[in-house]
There are 2 protein chains.
Amino acid sequence: MIRRKTDHTDIAEGPGPKRKRASRAGNLAEHVYTSLRRAIIEQALAPGTKLPEDSVGTSFGVSRTVVRSAIVRLVAEGLVVQQPNMRATVASPSLEEARAIFRVRRGLERMVLEELMSRLEPSHFAKLRAHVTSEEKAKRHAEPESIRLSGEFHLLLAQFTGNELLIRFVSEVVSRGSLILALYGRPHSSECAVNEHLALIEALERGDLTEAARLMDEHLVAVATRGLLDTDIKRERSLQDILSAYRPAGEA
Amino acid sequence: MIRRKTDHTDIAEGPGPKRKRASRAGNLAEHVYTSLRRAIIEQALAPGTKLPEDSVGTSFGVSRTVVRSAIVRLVAEGLVVQQPNMRATVASPSLEEARAIFRVRRGLERMVLEELMSRLEPSHFAKLRAHVTSEEKAKRHAEPESIRLSGEFHLLLAQFTGNELLIRFVSEVVSRGSLILALYGRPHSSECAVNEHLALIEALERGDLTEAARLMDEHLVAVATRGLLDTDIKRERSLQDILSAYRPAGEA
DNA sequence: CTCAAAATTAATGTATACAGTTTTGATTAG
DNA sequence: CTAATCAAAACTGTATACATTAATTTTGAG
């Protein structure tokens, strides 16, 4: 019953398949799922990257079984695509798809604001402002983290609704939005977002829901259009290399 | 308070009818997923039903591996819930959750109508009318099929948008809606739906999107409230028995 | 040399084994 | 007869094996 926190970094770096014992029996799949998800959102795994089950498995020190179920979830979420008998790959949405996703996102975030009506408390605003602060801080440092944080702002809003389903849907469109920005966006596309987030908070504090909705819509249109210019490169890196950064189980 | 204590509707026992293995290696998981999904939506598998991997596996003549990935998908979709180390069960949403889901659904279907604007063609109307006809036909016969068809009307509308993500989201809320109606709905709750579907079609044909939106909203509210009266029965049946009807393997 | 067929390697689909956890059932004490 | 205890049975989590299908490399003919 007591979970041991055996920090047991047992990496299969070499090609040798070594017998490792799972440090904590339990949610390995969850961990792999979360890690892959983050790696994708943060652009560490570029769209189109192949995800062979056993390579990913050795990266995390788990078997294909575990990787497989993580991948099934990612496919269901649209972050990964897979055809029968073929390797899963990080999704690489077309511009058409991207636009469709952002249209759905706008509708969902409108719903968020509606649900939020009269449900917002002072503590919520504090958290929102705190988040924006960390966005600002990250802005000048890490680029991919900036994208992730920007998305998490919207996720935070959704969470305040307490509507589980809405949270999940928003979570999905936000993730895929990040992926899309990674694909089509220019380097500093998330730059102005911080200001727009702030304006939104202020409208909400004023209780001006109509204005908030307008700002949100504008914001999302801006985010969507800011990221529609050039189709960019994908860098080539070793999968093992990339995933090694995600291996240390820093889960919540 | 009338909750029974032994909620013990598990699925399988009895001699597993050994199914000869499908020599065609392929999408077994897909088949299991689809079948379970249908079984849940058609109320054949009542909310709360336990879904042990082995039992389901023997029902379909496949191994746990296959069942497992199907269940992962169903969990991601919210039709099945699962806690670590414990058996998956068919979801049994609370009234609170049910209402939250229907609120999201209303928003999504509003989006559908918006996307549909100017995209509707004569052939679409033909299909919609044909579908309503089959709804009417099924109404007097099979009760669960009626619920399913009613949901598929909404899915059809969503499909006409061509927006993949929207289709998936609507698909999910429709499925879960069916589940909810099965849980809380009275026998004939889908009765009047047919008329409301017709009225909606007519508004769309007139090109009156505003009216269509109003009707849709009204319709969904009606469906939601029609199904909020008594907390009802769940029938007790053997799992094997139930699933045997879903077994006939769909050829690839 | 070029290109296509064959052979080889890599990766997925599926089943199964085993360890650890939960659930069930039975036995015993009060 | 009820409640607590504990062992057996039922399940899940995970790894691994094997068959089959995709990807890649080699080979052979023109």
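In what follows, the accompanying structure is described. Owing to the predicted nature of the structure, the values given are computational and were not obtained by experimental measurement.

1. A closer look at helix H6 (residues 143-161) of chain B
All names here are of chain B.
Argument step 1. Helix length check: H6 (19 residues) gives 29 Å between terminal C-alpha atoms against 27 Å at 1.5 Å per residue, within 8%.
Argument step 2. In terms of burial, H6 is a largely internal element, 14 of the 19 residues being buried.
Argument step 3. Count one or two residues on from H6 and you reach Gly162, which has phi positive near 75 degrees.

2. Considerations on unusual backbone geometry
Argument step 1. Backbone geometry at A:Ser118 places phi at a positive 70 degrees, although glycine is not the residue there.
Argument step 2. Tracing the sequence through the fold places A:Ser118 in the loop between helix H4 (95-116) and helix H5 (122-139).
Argument step 3. Its identity as a non-glycine residue notwithstanding, B:Asn85 has a phi of 65 degrees, on the positive side.
Argument step 4. Here B:Asn85 is to be found in the loop between strand E2 (80-81) and strand E3 (88-90).
Argument step 5. Classification of B:Asn85 by relative accessible area gives exposed; the value is 85%.

3. Let's talk about the relation of the copies chain B and chain A
Argument step 1. Laying chain B over chain A is done by rotating through 180 degrees and shifting 0.0 Å along the axis; what remains is an RMSD of 0.1 Å. Taken together, the turn and the small shift mark the pair as related by a two-fold rotation axis.

4. Things to note about the pattern of salt bridges
Argument step 1. For the structure on display, the rule yields 35 salt bridges over all chains.
Argument step 2. With a closest N to O distance of 2.2 Å, B:Arg168 and A:Glu172 form a salt bridge. Residue B:Arg168 is located in helix H7 (residues 164-184), and its partner A:Glu172 is located in helix H7 (residues 164-184); the two belong to separate chains.

5. A closer look at the sheet that holds E2(B)
Residue and element names in this part refer to chain B.
Argument step 1. Here 3 strands make up an open sheet; going across it, the order is E1-E3-E2 and the pairing antiparallel. In this open sheet, the two strands that pair with only one neighbour each are strand E1 (50-51) and E2.
Argument step 2. The pairing of E2 with E3 spans 2 bridges and is antiparallel. Its bridge partner lying in E3, Val80 is registered against Val90.

6. Structural notes on the interface of chain B and chain A
Argument step 1. Taken together, the contact between chain B and chain A spans 25 residues of the former and 25 residues of the latter.
Argument step 2. Between chain B and chain A the total buried area reaches about 2,000 Å² when both faces are included, carbon and sulfur atoms providing 62% of it.
Argument step 3. Our enumeration of links across chain B and chain A arrives at 6 salt bridges.
Argument step 4. Residue A:Arg103 is joined to B:Glu115 by a salt bridge in which the shortest nitrogen-to-oxygen separation is 2.6 Å.
Argument step 5. At the boundary of chain B with chain A, the tally comes to 10 residue pairs in polar contact (both at pLDDT 80 or more).
Argument step 6. At the level of elements, helix H3 (64-77), helix H4 (95-116) and H7 of chain B are the ones that each hand at least two residues to the side of chain B that touches chain A.
Argument step 7. Broken down by element, the residue count for the side of chain B that touches chain A peaks at 10 residues, all from H4(B).
Argument step 8. Class assignment of the residues belonging to the side of chain B that touches chain A gives a composition of 11 nonpolar, 4 polar and 10 charged.

7. Digging into H4(B)
Argument step 1. When the terminal C-alpha atoms of H4(B) are compared, their 31 Å separation across 22 residues agrees well with the 32 Å that a helix rising 1.5 Å per residue should span.
Argument step 2. B:Ser118 sits one or two residues past H4(B) and shows a positive phi near 70 degrees.

8. Some words on the nonpolar core
Argument step 1. Residues A:Leu108, A:Leu157, B:Leu108 and B:Leu157 are the most contacted members of the largest nonpolar core, which totals 78 residues.
Argument step 2. Looking at this core element by element, the count peaks at 11 residues for H7(B).
Argument step 3. Other than its neighbours up to four places away in sequence, B:Leu157 contacts B:Val112, B:Leu116, B:Leu128, B:Leu200, B:Leu204 and B:Met216.
Argument step 4. One finds A:Leu45, A:Val67, A:Ile71 and A:Tyr246 within the second-largest nonpolar core, a separate group that totals 25 residues.

9. Some details on the side chain of A:His124
Argument step 1. Within the secondary structure layout, A:His124 lies in helix H5.
Argument step 2. Ignoring any residue separated from it by four or fewer positions in sequence, one finds A:His124 in contact with A:Arg119 and A:Phe160.

10. With respect to the environment of B:Val223
Residues and elements named next belong to chain B.
Argument step 1. Examined against the element boundaries, Val223 turns out to sit in helix H9 (residues 209-226).
Argument step 2. A relative accessible area of 13% places Val223 in the buried class.
Argument step 3. Along the primary structure Val223 and Leu181 are separated by 42 residues, whereas in three dimensions their C-alpha atoms are 8.4 Å apart.
Argument step 4. Discounting chain neighbours no more than four positions away, the residues touching Val223 are Phe102 and Leu181.

Analysis parameters
Residues numbered from 1 in each chain as written. Chains lettered and ligands numbered in written order. Predicted model: local features only at pLDDT ≥ 70, side-chain atom pairs only at ≥ 80, totals over all residues. Heavy atoms only, no water. Helix = DSSP H or I, 4+ residues; strand = E, 2+ residues; numbered from the N terminus. Expected span 1.5 Å × (residues − 1). Buried < 20%, exposed > 50% of the residue type's maximum accessible area, 1.4 Å probe, protein only. Least-squares fit on C-alpha atoms with pLDDT ≥ 70 in both. Salt bridge = Lys/Arg side-chain N within 4 Å of Asp/Glu carboxyl O. Pairing = 2+ DSSP bridges. Contact = heavy atoms within 4.5 Å. Buried area = accessible area lost by both parts, 1.4 Å probe. Polar contact = N/O pair within 3.5 Å; in protein donor to acceptor, adjacent residues only side chain to side chain. Nonpolar A, V, L, I, M, F, W, Y, C, P; charged D, E, K, R; others polar. Core = buried A, V, L, I, M, F, W, Y, C linked by side-chain atoms within 4.5 Å.

These results come straight from atomic positions and should not be treated as a statement about function.
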